[in-house]
There are 2 protein chains.
Amino acid sequence: MSNIEKGTRPVPPTLKDIQEAAHRIKDFAIRTPLMENQELNEIVGGRLIFKPEVLQRTASFKFRGACNRLLQLSPEQKRAGVVAFSSGNHALATSAVARILGIPATIIMPADAPQAKVKGARANGAKVILYDRQKDDREAIGAEIANRTGATMVPPYDDPYVIAGQGTVGLEIMEDLSAMGVEADSLIAACSGGGLIAGLATAVRAKSERTQVYAVEPQGFDELARSLASGKRERNAPEAKSICDALQVVTPGELTFDINHRLLAGSLVVSDDEVRKAMRVAYDRLKLVLEPGGAVGLAAVLEQRIQTRDRTTVIVLSGGNVDPELYAEILTAQ
Amino acid sequence: MSNIEKGTRPVPPTLKDIQEAAHRIKDFAIRTPLMENQELNEIVGGRLIFKPEVLQRTASFKFRGACNRLLQLSPEQKRAGVVAFSSGNHALATSAVARILGIPATIIMPADAPQAKVKGARANGAKVILYDRQKDDREAIGAEIANRTGATMVPPYDDPYVIAGQGTVGLEIMEDLSAMGVEADSLIAACSGGGLIAGLATAVRAKSERTQVYAVEPQGFDELARSLASGKRERNAPEAKSICDALQVVTPGELTFDINHRLLAGSLVVSDDEVRKAMRVAYDRLKLVLEPGGAVGLAAVLEQRIQTRDRTTVIVLSGGNVDPELYAEILTAQ
């Protein structure tokens, strides 16, 4: 019996849970490669290794967690459907997995979510309900639907199976680094609710004493950085704004903060302009389309928020769903 | 002794030459992965497997051929330097390899080449000479420099070592398909001078009886399609224009046409608008930045120029060096 199933209160997933998730999702998710770019290595004076989750199905790591979660449902639960709230990538992922498994899906998204994400969820056959990010309580809307229809809520991050699914990113990184004979000094990835970074940290710290795991957050949504400093879950200002639509939560998840507080070396903070620059660098050098939230790790490295000189740093490029109008504007700005 | 070295007249490379090239360049070039996208598979009703050479160093397959060629130079030849003429990707590749190996490089480029390509060659330390595509003879300019300085000409396609280098794309595809237990029905890739497709066809036809190899060309630059039909090297109209800056030659190479005439199943032709659409699809679905010339294979498949329903088709995405202004314009058109 896995650690997850021991009690009713959610407990952090273990390496074994992540390994089981990897086995469970392997016929559905893509095992993304590691990538390297000599010119970027020269720029930072160290070795950068990228894990491009933009090449994952639905163009973000979120597919992994949603897949691991939905594959746990009983036949009865599958028939009753699923409900998810999400700023976008979890919506795309949940609706795509639901479509593959033949599960009816309702997705609750902010009205100002990128059109690419809203259209994508609808194209996957999901019923999309839009809410006002300032006025409405998305969790309450989700809970009401779940209560009324018997559908299962698929949380975006605060769920052991979701965290274990995202943790497969870290498992693959550690396996591939090991095959290359490389031990990384640091691994960095974007953080919003904290599911990705919690899963990554669980896998990485179980496999390496040396590798330090850092979250990265956009200015105004640095709840984790402040929570790590104070030791309790801090909240972001309601009026905060960022170009990183995928990284906007009010406060860290309960389960994810429990994990991240124990395992992370820190959380780095980058500005919107630094994110724009990183998106242009990814366009120029890596030929990968990154959304703002998917570029924060690269931004942190380019801005030298951690030491990369003479070090090996792994950077998760976590998502690539950006509306073409915004992308065009960022590419041609200066 | 390899086939290439048997006489003074250039002879087509063999599978063994390509295998030797793969061994020679393996510490420099990236072994790009194969990629698949379920949604695109559903759209065409078959299986599409992509070989993203945009993830190669200098963002095109050209790095392979230039690398294999420059690694053949003697110490004296390296000191005397190299000269290459190129619309862009061969310039980037040759200048990058020359920089790695410490060889002085002069690159002759059309004055209307994309700025990204001109700047890239200069950033690699090459001396760049611009010429007028309508008035000047780039081969004569190159020959004059080579004669005067003793530098070695690095031809963009009509050279057995260059063709063998590009053929490593095909070798990797066949090895990876074999590991997946897949035999492709068709393989398609862009054609300009014909070095990539000649190398691919050599590797693929040596490994599979079944896999048909198709070139793809832009309208106005369909010299290979017409040459295959007539059996002799046809010329494009001097006034022809295409968005595909990388795919504009006057006539097929002599050595490459000798190979392509024997080994290709045909050459498909796509319009500029079809190329623009394919670039948008790659942005939306694959999250890869393709330049126009790198998108012709995807365009041919999306426009059903060959049967893909119930078939397995491999598509080489050959290059990703496109100026941001043009890319932004293509993404936001409509």
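Residues numbered from 1 in each chain as written. Chains lettered and ligands numbered in written order. Predicted model: local features only at pLDDT ≥ 70, side-chain atom pairs only at ≥ 80, totals over all residues.

Student: Run through the overall build of chain A, naming residues and quoting values.
Tutor: A count of helical and extended segments in chain A gives 14 helices and nine strands. Here the C-alpha radius of gyration of chain A, 18 Å, is about what a compact globule of 334 residues would show, namely 20 Å. Principal-axis analysis of the C-alpha atoms places the extent of chain A at approximately 55 × 45 × 40 Å. The burial tally for chain A puts 56% of its 334 residues in the buried class. (Helix = DSSP H or I, 4+ residues; strand = E, 2+ residues; numbered from the N terminus. Rg over C-alpha atoms; globule rule 2.2 N^0.38 Å. Buried ≥ 20, exposed ≤ 12 C-beta atoms within 10 Å, placed from the backbone.)

Student: Account for the interface of chain B and chain A, naming residues and giving values.
Tutor: Listed by partner, the interface residues are 18 residues for chain B and 18 residues for chain A. Considering each element in turn, the side of chain B that touches chain A owes the most residues, six residues, to helix H14 (residues 324–332) of chain B. Residues that form the side of chain B that touches chain A fall into these classes: 12 nonpolar, three polar and three charged. (Contact = placed C-beta atoms within 7 Å. Nonpolar A, V, L, I, M, F, W, Y, C, P; charged D, E, K, R; others polar.)

Student: Give me helix H9 (residues 195–207) of chain A: which residues, what numbers.
Tutor: Residue and element names in this part refer to chain A. Taking 1.5 Å as the rise per residue, H9 with 13 residues should run 18 Å; its terminal C-alpha atoms sit 19 Å apart, in good agreement. The element H9 is extensively covered by neighbouring structure, given that 11 of its 13 residues are classed as buried. The inward-facing, buried residues of H9 contact helix H1 (15–25), helix H3 (62–70), helix H8 (160–180), strand S6 (186–190), strand S7 (212–218) and helix H11 (254–263). (Expected span 1.5 Å × (residues − 1).)

Student: Which residues make up the pairing of strand S9 (residues 312–317) of chain A, and what values do they have?
Tutor: All names here are of chain A. Counting buried positions along S9 yields five of six residues, so the element is predominantly enclosed. For strand S1 (residues 47–52) and S9, the ladder comprises six bridges, and the chain directions are parallel. Counterpart to arginine 47 in the pairing with S9 is threonine 312. Note that S6 and S9 share three bridges and pair parallel. Within S9, the position partnered with isoleucine 188 by the bridge is isoleucine 315. (Pairing = 2+ DSSP bridges.)

Student: Report on the relation of the copies chain B and chain A, specifying residues and quantitative values.
Tutor: Turning chain B through 180 degrees and shifting it by 0.0 Å along the axis lays it on chain A, with an RMSD of 0.0 Å. Both chain copies can therefore be described as sitting about a two-fold axis. (Least-squares fit on C-alpha atoms with pLDDT ≥ 70 in both.)

Student: How would you explain the domain arrangement of chain A if you had to name every residue and give the values?
Tutor: Residue and element names in this part refer to chain A. In terms of domains, chain A is made up of domain 1 (3–60 + 159–332) and domain 2 (63–153). For domain 1 versus domain 2, the distance between C-alpha centres works out to 22 Å. On the domain 2 side, the residues contacting the 25 residues of domain 1 number 20 residues. If you list the elements that add at least two residues to the side of domain 1 that touches domain 2, you get H1 and H8. (Domains from an automatic or database assignment.)

Student: Quick rundown of the sheet that holds strand S4 (residues 105–110) of chain B? Include the residues and the values.
Tutor: Residue and element names in this part refer to chain B. With respect to topology, four strands assemble into an open sheet ordered S5-S4-S3-S6, the strand pairing being parallel. This sheet does not close on itself; its edge strands, each paired only once, are strand S5 (127–131) and strand S6 (152–153). In the sheet, S4 pairs with S5 via five bridges, with the strands oriented parallel. Considered in S5, the bridge of isoleucine 107 is made with valine 128.

Student: Now, about the sheet that holds strand S8 (residues 212–218) of chain B: what can you tell me, with residues and values included?
Tutor: Strand order in the open sheet formed by six strands is S1-S2-S10-S7-S8-S9 (chain B), and the pairing between neighbours is mixed. At either end of the open sheet lies a strand with only one pairing partner, and these are strand S1 (35–36) and strand S9 (266–270) of chain B.

Student: Account for the pairing of S7 of chain A, naming residues and giving values.
Tutor: Residue and element names in this part refer to chain A. Among the seven residues that make up S7, seven are buried, leaving the element largely enclosed by the rest of the structure. Side chains of S7 alternate between two faces, with Gln212, Tyr214, Val216 and Pro218 and Val213, Ala215 and Glu217 buried alike. As defined by bridge partners, S6 adjoins S7 across five bridges and the pair is classed as parallel. Across the sheet, leucine 187 pairs through a bridge with valine 213, a residue of S7. In the classification by handedness, the crossover that spans S6, the intervening H9 and the parallel S7 is right-handed. (Right-handed = clockwise from strand over helix to strand, strands pointing away.)

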